[in-house]
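# Tertiary structure, described
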Amino acid sequence: GAGVSQSPRYKVAKRGQDVALRCDPISGHVSLFWYQQALGQGPEFLTYFQNEAQLDKSGLPSDRFFAERPEGSVSTLKIQRTQQEDSAVYLCASSLVEGYEQYFGPGTRLTVT
Amino acid sequence: EDKVVQSPLSLVVHEGDTVTLNCSYEVTNFRSLLWYKQEKKAPTFLFMLTSSGIEKKSGRLSSILDKKELFSILNITATQTGDSAIYLCAVVDAGGTSYGKLTFGQGTILTVHP
């Protein structure tokens, strides 16, 4: 079966632009996570969805970051008024149910110029 | 706050060598520790460890957890150039939330030369 897919794979944005990053989890996976990975660092948690419910958004760095998963499958991470410090790889992961191993997508590399 | 520290941060070896990667952690309510391999794409799952002293093995890779001393090691024997990657260690805290949020270490960059 297909794994987690993300699009676009690469995104270059000028400072101040809005961006939207898409994640297609593995079909049937209830849990969906977003992580941010800066260069040379491990991934850091951003937010968690159980089906369509966003149960934890404690890792979102500012109110410019917004995530949704309206139908409990595809998720979108939106960043408004991008800043240079937003440059990173954004990883999406899904798991069948809570507490099981997470399967990661290839990530979207965002570069803000 | 949960914390994961990996060492060494980078390692260069030659094919055929054996390597040991270290991961120490601090977590309020430990549930599990996971190892991932990250090449130029998605981190791929290697092992999930929940119990002390039980070695998990997959081919040339093996891992073990020590919950008393709060660390885990990942061993790779007879390394190959295809083992070159970043190896990530992560922990899951069972307290507060039960959904499996991962706290990662910085990763160990392994380079295997022919």
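Refer to the preceding data block for the structure.
This structure is a prediction, so every number in the text was calculated from the model and none was measured.

### Examining the interface of chain B and chain A
Residue-level contacts link 20 residues of chain B with 21 residues of chain A. Summed over both partners, the interface of chain B with chain A buries about 1600 Å², with 58% contributed by carbon and sulfur atoms. Looking only at chain B, the three residues that lose the most surface to chain A are Tyr99, Phe104 and Gln106 of chain B, adding up to 34% of its buried area. For the pair chain B and chain A, the interface holds 0 salt bridges. In this assembly, chain B and chain A are joined by 5 residue pairs in polar contact (both at pLDDT 80 or more). Taken together, the residues of the side of chain B that touches chain A break down into 10 nonpolar, 6 polar and 4 charged.

### Comments concerning unusual backbone geometry
At the junction of serine 7 of chain A and proline 8 of chain A, the peptide bond is cis and its omega measures out at -10 degrees in the coordinates. Of note, arginine 81 of chain A is a non-glycine position whose phi angle comes to about 45 degrees, a positive value. Note on arginine 81 of chain A: relative accessible area 43%, which makes it partly exposed. The phi torsion at alanine 78 of chain B lies on the positive side, around 45 degrees, for a residue other than glycine. In this fold, alanine 78 of chain B is placed in the loop between strand S8 (71–76) and strand S9 (85–93). Residue classification places alanine 78 of chain B among the partly exposed positions, given a relative accessible area of 39%.

### A closer look at the state of the cysteines
What makes a disulfide is a covalent bond joining the sulfur atoms belonging to two cysteines. All names here are of chain A. Under the definition given, this model contains 2 disulfides over all chains. The disulfide partner of cysteine 23 is cysteine 92, and the gap between their sulfur atoms is 1.8 Å. As the torsion about the S-S bond is roughly -65 degrees, the cysteine 23-cysteine 92 disulfide counts as left-handed. Of this pair, cysteine 23 sits in strand S3 (residues 19–24) while cysteine 92 sits in strand S9 (residues 88–95), placing them 69 residues apart in sequence.

### Examining the pairing of S8 of chain B
All names here are of chain B. Counting buried positions along S8 yields 5 of 6 residues, so the element is predominantly enclosed. Pairing of strand S3 (residues 19–26) with S8 involves 6 bridges; the strand directions are antiparallel. Considered in S8, the bridge of valine 19 is made with isoleucine 76. Bridging between strand S7 (residues 61–66) and S8 involves 6 bridges; their strand directions are antiparallel. Among the inter-strand pairings, leucine 61 is bridged to a residue of S8, identified as isoleucine 76. Hairpin connection from S7 to S8: 4 residues lie between these consecutive antiparallel strands, with leucine 70 at a positive phi of about 60 degrees.

### Focus: the sheet that holds strand S8 (residues 75–79) of chain A
All names here are of chain A. Spatial strand order, S1-S3-S8-S7: 4 strands in an open sheet with antiparallel pairing. Two strands bound the open sheet, and with one partner strand each, they are strand S1 (5–7) and strand S7 (65–68). Taking the axes of each pair of neighbouring strands and ignoring which way they run, one obtains an average angle of 15 degrees across the sheet. Across 4 bridges, S7 lies against S8 in antiparallel orientation.

### Comments concerning the sheet that holds strand S6 (residues 56–58) of chain B
Through backbone hydrogen bonds, the strands of a sheet pair up, either in parallel or in antiparallel fashion. Residues and elements named next belong to chain B. Read from one edge of the open sheet, 5 strands run S1-S3-S8-S7-S6, paired in antiparallel fashion. Two strands bound the open sheet, and with one partner strand each, they are strand S1 (3–7) and S6. Taken pair by pair, the neighbouring strands of this sheet meet at an average axis angle of 15 degrees, ignoring direction. Here S6 runs beside S7; their pairing, made up of 3 bridges, is antiparallel. Paired with serine 58 across the bridge in S7 is leucine 61.

### Details of the nonpolar core
The biggest cluster of nonpolar side chains holds 21 residues, and the ones touching the most others in it are Tyr25, Leu33, Trp35, Tyr87 and Leu110 of chain B. Contributions of two or more residues to this core are made by S3, strand S4 (30–38), strand S5 (43–49), S7, S8, S9 and strand S11 (108–113) of chain B. If you look at the next biggest cluster of nonpolar residues, it comprises 20 residues, including Val4, Trp34, Phe49 and Leu77 of chain A.

### A word on a nonpolar patch on the surface
Together, Leu96, Val97 and Tyr100 of chain A make up a nonpolar patch on the protein surface, roughly 280 Å² of accessible area in all. Following the sequence through the fold, valine 97 of chain A ends up in the loop between S9 and strand S10 (103–104).

Conventions used here
- Residues numbered from 1 in each chain as written.
- Chains lettered and ligands numbered in written order.
- Predicted model: local features only at pLDDT ≥ 70, side-chain atom pairs only at ≥ 80, totals over all residues.
- Heavy atoms only, no water.
- Contact = heavy atoms within 4.5 Å.
- Buried area = accessible area lost by both parts, 1.4 Å probe.
- Salt bridge = Lys/Arg side-chain N within 4 Å of Asp/Glu carboxyl O.
- Polar contact = N/O pair within 3.5 Å; in protein donor to acceptor, adjacent residues only side chain to side chain.
- Nonpolar A, V, L, I, M, F, W, Y, C, P; charged D, E, K, R; others polar.
- Buried < 20%, exposed > 50% of the residue type's maximum accessible area, 1.4 Å probe, protein only.
- Helix = DSSP H or I, 4+ residues; strand = E, 2+ residues; numbered from the N terminus.
- Disulfide = S-S within 2.5 Å.
- Pairing = 2+ DSSP bridges.
- Axes fitted to C-alpha atoms, helices over the stretch in contact; angles between N-to-C directions.
- Core = buried A, V, L, I, M, F, W, Y, C linked by side-chain atoms within 4.5 Å.
- Patch = residues over 30% accessible without salt bridge, like charges linked within 9 Å, V, L, I, M, F, W, Y side chains within 5 Å.
- Areas by Shrake-Rupley, 256 points an atom, 1.4 Å probe, with all protein chains shown as cover.

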